[in-house]
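# Tertiary structure, described
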Amino acid sequence: MAGLAEPYKIKSVEPLRMTTRAERVQAIRQAGYNTFLLRSKDVYIDLLTDSGTNAMSQGQWSALMLGDEAYSGSESFFRFEAAVREVYGMPFVVPTHQGRGAEHILSQILIHQGDVVPGNMYFTTTREHQELAGGRFVDVIVKEAHDAQNLDPFKGNVDLGELERAIVEAGPEHVPYVSVALTVNMAGGQPVSLENLRAVRRLCDKYGVKIYMDATRAVENAYFVKEREAGSEGRTVREIFREQLSYADGCTMSAKKDAIVNIGGFLATRDEETFEAAKELLVVFEGFPHYGGLAGRDMEAVAVGIQEMVDDDYIRHRVLQVRGLGERLLEAGVPIVQPVGGHGVFLDARRFLPHLDQEELPAQSLAAALYVDAGVRAMERGVVSSGRDAKTGENHHPALELVRLTIPRRVYTESHMDVVAESVSHLFQRRAEIPGLKFVFEPKRLRFFTARFEPLHPSPIFEA
Ligand code: PLI
């Protein structure tokens, strides 16, 4: 399809190692059936995440040489700051080592014990930092987001009624900010409409509550707005992007996604007081405010990436590549989250493996099985990622039990997508043989990263 042809060509290549099924069976056993614990040398197509796994452009690689590694007053910082000001429209910014560094600083500044932070679905590290700071996350995403088959074009939207209820119940003085993610990762990369952002702004203004956006994949959100929201079809992604951010008091950002780099993040704000407080915490946790845990060269790459990410041709190809994979899976009858989101295709493990109860960790098992089948590494986004309720100790049971096939930016070709589609379809034919898993090691925090598992019973799926 002409629309899918890559708007770039390959200048430097990274060889991939082909593995045998026997090697993969051995590797997944050693990894405790957790794809996070695989060694990348054992992975053929790595769709674990789109975070920091992107291919930088010649512009970014050459900008690395301009890195000013001064501890303070680095020219690289000022170029980075100028890019954030221009594209995000935020006057104040501090760099952080990655997104969670910004979440940590923001949470520590604004959240007090007992506060409530409403948001459009949780994200793992974001909620963790809100809770560490003494806050409680309240989900105010629209109910359509929890239904993998609902075709609403803006399943990331905030439910305004739920948001108002959360603010009134807690009392606006106990709501330090509303957390609005663009797009919503855990819902399958679903976007938020401009109309919804405007309404959230009006509601927050009524109660004097701030809005901090998680801008991690806000470019993908802007592309969906251009594609789907009346009045935005003729605008550039850059314009839409800027309007989205105009409704925020500030944002946290993992540059490892939208900004097409391998490391980096930032906290940006319009509020000088928050900026001053951020700089104080930055020197404790990240570094001096002119580098914040990054090298000068990293800030250069982010500055160039921020300009490249809002190029219409680039982002169109990115979103259509992801969607193309989704469409191939749908043709094979594979259940996925629809509409296909911005950064990956999410397999619906509930419908893929109806014979497994959620306590049998279906998405975790499906991700492990996919790796054994073809060396494709995906990520669980279900009961394991969701963790346990801090009070009751019971597993959270998210409505969405998903395996995420996340597509890094500018890395894989359409032929790689073919391999992925074939492997998932093949596994779908054998789905009845996929067994459940149980924990054999479970860490207390963000357990999905390092937990280990075993199959509940022997199965040819995990044998050579
Ligand atoms: O991985 P960080 O610390 O740079 O960013 C944390 C983070 C914040 N918000 C959102 C929506 C994310 O998706 C996110 C990181 N996501 C990862 C690592 C992912 O694989 O999706």
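Note: the structure precedes this text.
What comes next concerns the included structure. (Residues numbered from 1 in each chain as written. Predicted model: local features only at pLDDT ≥ 70, side-chain atom pairs only at ≥ 80, totals over all residues. Heavy atoms only, no water.)

### Digging into the overall build of the chain
Counting secondary structure elements, the chain contains 16 helices and 14 strands. At 21 Å, the chain has a C-alpha radius of gyration in line with the 23 Å of a compact globule built from 464 residues. By residue count, 61% of the 464 residues in the chain fall in the buried class. Put simply, of all contacts in the chain between residues at least 6 apart along the chain, 74% involve residues at least 24 apart. Surface accessibility of the chain: about 18,200 Å² in total, with carbon and sulfur atoms responsible for 51%. Of the charged side chains in the chain, 52 are positive and 65 negative, and the gap between their average positions amounts to 3 Å. (Helix = DSSP H or I, 4+ residues; strand = E, 2+ residues; numbered from the N terminus. Rg over C-alpha atoms; globule rule 2.2 N^0.38 Å. Buried < 20%, exposed > 50% of the residue type's maximum accessible area, 1.4 Å probe, protein only. Contact = heavy atoms within 4.5 Å. Areas by Shrake-Rupley, 256 points an atom, 1.4 Å probe, with all protein chains shown as cover. Lys, Arg positive; Asp, Glu negative; His and termini not counted. Charge placed at Lys NZ, Arg CZ, Asp CG, Glu CD.)

### What about the layout of surface pockets?
Any empty space left between atoms is shown by rolling a water-sized probe over those atoms. Roughly 1,300 Å³ of internal volume is contained in the largest pocket. Lining the largest pocket we find 36 residues, and of these Ser 12, Ala 55, Met 56, Arg 410 and Val 411 sit closest to its centre. Of all elements in the fold, only α2 (58–64) and α12 (312–331) reach the threshold of two or more residues within the lining of the largest pocket. Residue composition of the lining of the largest pocket, grouped by class: 15 nonpolar, 10 polar and 11 charged. (1 Å grid on protein atoms, 1.4 Å probe; cavity = no way out; pocket = protein on both sides within 12 Å on 5 of 7 lines; lining within 4 Å. Points joined across faces, edges and corners; volume = space filled by probe spheres on them. Nonpolar A, V, L, I, M, F, W, Y, C, P; charged D, E, K, R; others polar.)

### A word on the site of the ligand
For the ligand, the set of nearby residues contains 17 residues, the closest of which are Thr 49, Arg 100, Asp 214, Ser 254 and Lys 257. Asp 214 places a polar side-chain atom, nitrogen or oxygen, 2.6 Å from a nitrogen atom of the ligand. Of all the elements, helix α4 (residues 99–110) adds the most residues to the shell around the ligand, at 3 residues. In terms of residue class, the shell around the ligand is made up of 2 nonpolar, 8 polar and 7 charged. (Near = heavy atom within 4 Å. Polar contact = N/O pair within 3.5 Å; in protein donor to acceptor, adjacent residues only side chain to side chain.)

### Considerations on the nonpolar core
Within the largest apolar cluster, 64 residues are counted, with the highest numbers of intra-cluster contacts made by Tyr 88, Met 213, Phe 241, Phe 266, Ile 306 and Met 309. Other than its neighbours up to four places away in sequence, Ile 306 contacts Ala 83, Val 84, Val 87, Tyr 88, Ala 259 and Phe 266. The next biggest cluster of nonpolar side chains, apart from the first, holds 56 residues, and it includes Tyr 33, Ala 363, Ile 434 and Ala 451. (Core = buried A, V, L, I, M, F, W, Y, C linked by side-chain atoms within 4.5 Å.)

### Observations concerning unusual backbone geometry
Looking along the chain, the bond that leaves Leu 182 and enters Thr 183 is cis, with omega of -20°. Relative to the assigned elements, Thr 183 resides in the loop between β5 (177–181) and α7 (194–207). Here Gln 338 and Pro 339 are connected by a cis peptide whose omega angle stands at -10°.

### Topic: the pairing of strand β2 (residues 92–96)
Counting buried residues along β2, 5 of its 5 residues qualify, which places the element largely inside the surrounding structure. Every second residue of β2 is oriented toward a common face, with Phe 92, Val 94 and Thr 96 on one face and Val 93 and Pro 95 on the other, all of them buried. Alignment of β2 against strand β8 (residues 265–269), held across 5 bridges, turns out to be antiparallel. By the bridge assignment for β8, Pro 95 is matched with Phe 266. (Pairing = 2+ DSSP bridges.)

### Details of α4
An ideal rise of 1.5 Å per residue puts 16 Å on 12 residues; α4 measures up with 17 Å between its terminal C-alpha atoms. Counted residue by residue, α4 has 10 buried out of 12 residues, so it is predominantly covered. When we look at burial in α4, the residues that qualify are Gly 99, Gly 101, Ala 102, Glu 103, His 104, Ile 105, Leu 106, Ser 107, Ile 109 and Leu 110. (Expected span 1.5 Å × (residues − 1).)

### Looking at the packing of α7 against helix α9 (residues 237–246)
For the pair α7 and α9, interaxial distance at closest approach is 9 Å and the crossing angle is 20°. Judged on the interaxial angle alone, α9 and α7 are roughly parallel. The chirality of how α7 crosses α9 is left-handed. When α7 is examined against α9, the residues Leu 194, Leu 197 and Arg 198 are found in contact with a partner set consisting of Ile 240, Glu 243 and Gln 244. For the contact of α7 with α9, the per-class residue count stands at 3 nonpolar, 1 polar and 2 charged. (Axes fitted to C-alpha atoms, helices over the stretch in contact; angles between N-to-C directions. Parallel < 35°, antiparallel > 145°, perpendicular 65-115°, else oblique. Left-handed = near helix turned anticlockwise from the far one by under 90°.)

Nothing here speaks to function; it is geometry throughout.
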